[in-house]
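The chain contents come next:
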Amino acid sequence: QVQLVESGGGLVQAGGSLRLSCAASGRTFSSYAMGWFRQAPGKEREFVAAITWSGGSTYYADSVKGRFTISRDNAKNTVYLQMNSLKPEDTAVYYCAAGTIRCYSRTCYSQKTSYDYWGQGTQVTVSS
């Protein structure tokens, strides 16, 4: 069992930055791939970024590529999402997720069904 707790959300002006953190419980954090998803009001939850269990590979949605960076610190059981050049359309609740994903294609990591555990989410609001 893995419990995930997100933090770092808030209100920021367009062009600003935020860093989200997701702290995981349990000793097996390093065996899980980690992902970030987001859900805006009235929309489906969508993939944002993911990182393999080793941290050796990362995957991004086209809408955030070049602006967001996912990273992990297995010693701290934490995954991060650094978000730069934020836009109003980035406004959403951001969720982190953990899954035992062992394939190496963006398709695997971008699917919600690949993840077994989810956090409660943290609100990110970008004002124009």
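Before reading on, note that the structure itself is shown above.
Residues numbered from 1 in each chain as written. Predicted model: local features only at pLDDT ≥ 70, side-chain atom pairs only at ≥ 80, totals over all residues. Heavy atoms only, no water.

A.B. asks: I tried to follow the pattern of salt bridges on my own but got confused; where do I start?
C.D. replies: One side chain can pair with another of opposite charge once the charged atoms of both are near each other. For the coordinates displayed, the defined rule picks out four salt bridges. A salt bridge links Arg 38 to Glu 46, with the nearest nitrogen and oxygen atoms 2.7 Å apart. Residue Arg 38 is classed as buried on the basis of its relative accessible area of 6%. In this structure Glu 46 comes out as partly exposed when scored by relative accessible area, which is 37%. With its nearest N and O atoms 2.8 Å apart, the salt bridge here joins Arg 67 to Asp 90. Note that Arg 67 is positioned in the loop between β6 (58–60) and β7 (68–73) and Asp 90 in the loop between β8 (78–83) and β9 (92–99), a separation of 23 residues in sequence. Accessibility assignment for this pair places Arg 67 and Asp 90 in one class, buried. Each of Arg 38, Glu 46, Arg 67 and Asp 90 takes part in a single network of salt bridges with overlapping partners. (Salt bridge = Lys/Arg side-chain N within 4 Å of Asp/Glu carboxyl O. Buried < 20%, exposed > 50% of the residue type's maximum accessible area, 1.4 Å probe, protein only. Helix = DSSP H or I, 4+ residues; strand = E, 2+ residues; numbered from the N terminus.)

A.B. asks: What exactly am I supposed to notice about the nonpolar core here?
C.D. replies: Among soluble globular proteins, nonpolar side chains are generally buried collectively. Membership of the largest hydrophobic core comes to 39 residues, with the highest contact counts inside it found for Leu 4, Met 34, Trp 36, Leu 81, Met 83 and Tyr 94. Taken together, the elements giving at least two residues each to this core come down to β3 (18–24), β4 (33–39), β5 (46–51), β6, β7, β8, β9 and β11 (122–127). Excluding anything up to four places from it in sequence, Met 34 contacts Leu 4, Cys 22, Phe 29, Ala 49, Ala 50, Ile 51, Ile 70, Arg 72, Val 79, Ala 97, Ala 98 and Tyr 115. (Core = buried A, V, L, I, M, F, W, Y, C linked by side-chain atoms within 4.5 Å. Contact = heavy atoms within 4.5 Å.)

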